[in-house]
Amino acid sequence: MDPLDFLEPAELLTFFHCRKTEMSCMENPLIFLNQLRDHNLIPEDKYKITIRMKSKDKIRRAVYEILDCLEKENSEHIPLFWRCVFKDVIMNQYPTLKLLHNSLMDGSFHFDPKLPERRESEESDERGSSKVSDGEEKETKSAKKKRKHRSGSSEGDDEQSGSSAKQTPSQKKKVKKIHFSSPRKGEAGEIWTWPIYKTQLPVTCGEVEGTLIRDKLARGEKCILVDKKQFTPSEFEKLAGKGSAKNWKLSIRCKDTPLGKLIKDGHLKAAVYKRRIKQARKSLFAASHSNTDEEDSEDEEEAQSLTEETSGEETEEQGESTQVNLDHCKTKFKVTCGALTGTLYKFRFASGKCGKSIRTELSWMSPEEFVNTALNQRDAAWRKDILYEGEPLSALIEANVLILHSLLCKCKRCKPKDEDLDDEKNDDECCICKSDGEEDLVECDQCPRSFHQNCHLPHIDDTTVEDDNQWLCTFCVFKLTEECRYPDEQRTEAVMSRQISQHLLECQYLLLYLCNADEEQIFATNPRQYLENYCSVIKTPMWLDKIADRLQRNEYQTVGEFVSDVQLIFTNSATYNRNPQYLNMGEHLKHLFDREFKKAFNIQD
């Protein structure tokens, strides 16, 4: 019989309560966390966030929160916790656990001092302390972006300090709009639980940002505020260009988490919306104070919320007709000049010369550099020659969508230091998960990509980060060695049967390529987290993050096993989805994977 069986569950719980801090301070807790994960004692999302952290202080805080959550929400599993961590192979890795095991076995824990009665602070104190901590956080935390510990710039600060004197009052007020605040340490992914977001939440749909009013969502009213106008969720979805999806609970997100998951987990309350839509025409660049007349096309949408079930009554609220200026809400713009294409990032834009604001496949460029590269002309007019949806870039400037910084501006874009210029060469978000997150970004020295250490494959260890030598990402290594790997044509059957250990680079490249192509991160995470009936339709779920974990842990034996898991994602998508938009997304990714797979292995079937 297990010696732990002689101890009461209450004793094990008290012992656990008093030792959380000791366990959170254990060095290199990855094996410890893996063991908890193997026994389903740690949520998958918290596990992934924690293992991606680099700072030891952040890791300690995260481990403590995991243990604290286990005690508060699943205290009945504490005996299982002790059994799984008291395995010899685990205790050999962590002397702290061995000491705790000895204390339980010899009964010495009975001599621990009696704990005083637990006291909860008053609500006012909690609010006060949260305000102080938020203030301190804003002063001390910098948005880090690094190849070797370099700090990045803030979008809001750049726009405020670099704006021209011709700004309108409404534009100046934009800096007061609620955006994602700096995450509190240990709470990176759950801002919807913070007191500051008790009444409203920052949300995104595609490239459009807005503010969700919680109580209006619960009443079924227009609840999302964008550029001083209110929209229902489906209107906001349409505003972002995703109206065909007709699934706002998945397409609208808060901090990369679908609203549907927040509703399912009880963090949000939502009434049922019913809608009817009339077709509308929208001008490409609407002025800030445009006049509307009878010829203007209008959007009408009827939001209908359900009241209490016992009443059986429905109330309808007719939405006001609005003319939407989508471009004011965008943060990215697909631009062209001649045959060259790129993406212009609004928060990086300053002027023609200042701010490397246009991202091409190979590098970041200022507008003038973009035109010079495309047309090979030094005297080209960038405002006229750079086009967005067929219109010159000057149209965006005249509509105050893009704000030119004044000649006297001293922001980081207009008067950059050497480190600022160096930072502009690489992306400000992770190439894989599409977020800057709380962890530092590691920058490739060959291309403009940036990565979180554990988003890249293979994972980037601390030794590599601290080394001053050049570092190339898997994309660049693959490209440099592409021509010399397979001089002869290959066959699919032969490639699929090969040991994956000899072809890790190709498989890592293919998976990173898919993750990068999945712009909306639809196939990156476990679909069971936000689709209620998924398991009733799909018996073997598969997603990109799971394949990445398996690849990193060397769980695949052959190339065929890896390819089979990837293809399973597309098969599941085709089986489950009835919405054309998501079907097309899956088919598009499948096409990209099949094409890149043949190119990577030089297959000519």
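Residues numbered from 1 in each chain as written. Predicted model: local features only at pLDDT ≥ 70, side-chain atom pairs only at ≥ 80, totals over all residues. Heavy atoms only, no water.

**Q** Would you explain the overall build of the protein in this entry?
**A** Counting its regular elements, the protein contains 27 helices and 16 strands. A buried classification covers 45% of the 605 residues belonging to the protein. Here the analysis covers contacts within the protein between residues at least 6 apart in sequence; of these, 62% occur between residues at least 24 apart. With an accessible surface of roughly 32500 Å², the protein has 48% of that area assigned to carbon and sulfur atoms. (Helix = DSSP H or I, 4+ residues; strand = E, 2+ residues; numbered from the N terminus. Buried < 20%, exposed > 50% of the residue type's maximum accessible area, 1.4 Å probe, protein only. Contact = heavy atoms within 4.5 Å. Areas by Shrake-Rupley, 256 points an atom, 1.4 Å probe, with all protein chains shown as cover.)

**Q** How should I be thinking about the confidence of the model for the protein in this particular structure?
**A** Interpretation of the predicted coordinates at a detailed level should be avoided for regions scoring low in pLDDT. The share of residues in the protein with pLDDT of 70 or more is 75%, and the mean pLDDT across the chain is 77. Considering only residues more than four positions removed or in separate chains, one finds that residues 122-188, a stretch of pLDDT under 50, has 128 contacts. Note on residues 275-325: pLDDT under 50 across the span, and 99 contacts to partners over four residues away in sequence or across chains. (pLDDT = per-residue confidence, 0-100.)

**Q** Sorry, what's going on with helix H2 (residues 30-38) here?
**A** Residues lying three or four places apart along an α-helix face the same way, a consequence of the helix completing one turn every 3.6 residues. Taken together, the buried positions of H2 are Phe32, Leu33, Gln35, Leu36 and Arg37. Among the residues trailing H2, Asn40 stands out with phi positive, at a value near 60 degrees.

**Q** How should I be thinking about the pattern of salt bridges in this particular structure?
**A** Oppositely charged side chains may form a pair once their charged atoms are brought near each other. Going through the model one piece at a time under the given rule, you end up with 25 salt bridges. Among the ionic pairs, Glu27 bridges to Arg60, the shortest N-O distance being 3.6 Å. Residue Glu27 is found in the loop between helix H1 (9-24) and H2, and its partner Arg60 is found in helix H4 (residues 56-73); the two are separated by 33 residues along the sequence. Classification of Glu27 by relative accessible area gives partly exposed; the value is 45%. A salt bridge links Glu424 to Arg413; the shortest N-O distance between them is 3.5 Å. Here Glu424, found in the loop between helix H19 (418-423) and strand S15 (442-443), pairs with Arg413, found in the loop between helix H18 (393-398) and H19; they are eleven residues apart in sequence, far enough to count as distant. Arg413 gets classed as buried once you look at its relative accessible area, which sits at 6%. (Salt bridge = Lys/Arg side-chain N within 4 Å of Asp/Glu carboxyl O.)

**Q** What is the right way to look at the nonpolar core in this model?
**A** Side chains that are nonpolar tend, in soluble globular proteins, to be buried together. Counting residues in hydrophobic clusters, the biggest one holds 57 residues, and the most contacted among them are Leu511, Phe562, Phe593, Phe597 and Phe601. Among the elements of the structure, helix H21 (474-485), helix H23 (504-517), helix H25 (544-552), helix H26 (559-576) and helix H27 (580-601) are those that each provide at least two residues to this core. Once residues within four sequence positions are removed from consideration, Leu511 is found in contact with Leu457, Leu544, Ile547, Ala548, Leu551 and Phe562. Counting 33 residues, the second largest nonpolar core, distinct from the first, contains Leu7, Ile78, Trp82 and Leu104. (Core = buried A, V, L, I, M, F, W, Y, C linked by side-chain atoms within 4.5 Å.)

**Q** Would you explain the pairing of strand S9 (residues 332-337) in this entry?
**A** Within a regular strand, side chains alternate between the sheet's two faces. Of the two faces of S9, the one lined by Phe333, Val335 and Cys337 is fully buried and the one lined by Lys332, Lys334 and Thr336 carries no buried residue. Where S9 folds back onto strand S10 (residues 340-345) in an antiparallel hairpin, the turn is made up of two residues, including Gly338, whose phi is positive at roughly 65 degrees. Relative to strand S13 (residues 387-388), S9 is paired through two bridges, and the arrangement is antiparallel. Looking across to S13, one finds that Val335 is bridged to Tyr388. (Pairing = 2+ DSSP bridges.)

**Q** It is not clear to me how the environment of Leu259 should be interpreted in this structure. Could you clarify?
**A** Position of Leu259 relative to the elements: it lies in helix H14 (residues 259-264). The buried category is assigned to Leu259, whose relative accessible area is 1%. With residues up to four places along the chain from it excluded, the contact list for Leu259 reads Val203, Leu212, Trp248, Lys249, Ile252, Arg253, Cys254 and Leu268.

**Q** Whenever I open this one, the packing of aromatic side chains confuses me. Can you help?
**A** To describe a pair of aromatic rings, you give the distance between the ring centres and the angle between the ring planes. According to the stated counting rule, one finds 21 aromatic pairs in the structure shown. Geometrically, the ring pair formed by Phe16 and Trp82 is edge-to-face, given 5.9 Å between the ring centres and 75 degrees between the ring planes. One end of the pair, Phe16, is in helix H1; the other, Trp82, is in helix H5 (residues 78-85), and 66 residues separate them in sequence. Each ring, one from Phe333 and one from Tyr388, has its centre 5.2 Å from the other, and the planes form 90 degrees; the classification is edge-to-face. Highlighted residues: Phe333 in strand S9 and Tyr388 in strand S13, separated in sequence by 55 residues. Within the aromatic cluster, the residues linked to one another by ring pairs are Phe15, Phe16, Phe32, Phe81, Trp82, Phe86 and Tyr94. (Phe/Tyr/Trp six-rings, centres within 6.5 Å; stacked < 30°, edge-to-face > 60°.)

**Q** What am I meant to see in the sheet that holds S10 here?
**A** Strand-to-strand pairing in sheets goes through backbone hydrogen bonds, with the strands running parallel or antiparallel. With respect to topology, six strands assemble into an open sheet ordered S12-S11-S10-S9-S13-S14, the strand pairing being antiparallel. This sheet does not close on itself; its edge strands, each paired only once, are strand S12 (364-365) and strand S14 (391-392). Two elements, S13 and S14, share two bridges in a ladder whose sense is antiparallel. Following the sheet pairing, Leu387 is matched in S14 by Pro392.

**Q** Is there a simple way to think about H5 in this case?
**A** Burial runs high along H5: six of the eight residues are buried. Along H5, the residues that are buried comprise Ile78, Pro79, Phe81, Trp82, Cys84 and Val85.

**Q** Would you explain the environment of Asp461 in this entry?
**A** Inspection of the secondary structure puts Asp461 in the loop between strand S16 (450-451) and helix H20 (462-466). On the accessibility criterion, Asp461 (41% relative accessible area) is partly exposed. Spatially, the C-alpha atom of Asp461 lies 9.2 Å from that of Lys54, the residues being 407 residues apart in sequence. Within the structure, the side chain of Asp461 is placed 2.7 Å from the side chain of Thr464, a separation counted as a polar contact. (Polar contact = N/O pair within 3.5 Å; in protein donor to acceptor, adjacent residues only side chain to side chain.)

**Q** Whenever I open this one, the layout of surface pockets confuses me. Can you help?
**A** Empty space among the atoms can be located by rolling a probe the size of a water molecule over them. By volume, the second largest pocket is sized at about 810 Å³. In terms of lining residues, the second largest pocket is bounded by 29 residues, among which Leu30, Ile51, Met53, Ile59 and Asn454 are the most central. The set of elements that each furnish at least two residues to the lining of the second largest pocket consists of H2, helix H3 (44-51), H4, H20 and H25. Class assignment of the residues belonging to the lining of the second largest pocket gives a composition of ten nonpolar, eight polar and eleven charged. (1 Å grid on protein atoms, 1.4 Å probe; cavity = no way out; pocket = protein on both sides within 12 Å on 5 of 7 lines; lining within 4 Å. Points joined across faces, edges and corners; volume = space filled by probe spheres on them. Nonpolar A, V, L, I, M, F, W, Y, C, P; charged D, E, K, R; others polar.)

**Q** I keep staring at the pairing of strand S2 (residues 208-213) and nothing clicks. Help me out?
**A** Burial analysis of S2 places five of its six residues in the buried class, which makes it a mostly covered element. Pairing between strand S1 (residues 200-205) and S2: six bridges, direction antiparallel. The residue of S2 that forms the bridge with Cys205 is Val208. The hairpin formed by S1 and S2 contains two residues between the paired strands, and Gly206 there has a positive phi angle of roughly 65 degrees. Direction of pairing for S2 relative to strand S3 (residues 224-226): antiparallel, over a ladder of two bridges. Bridge pairing in S3 links Thr211 to Leu225.

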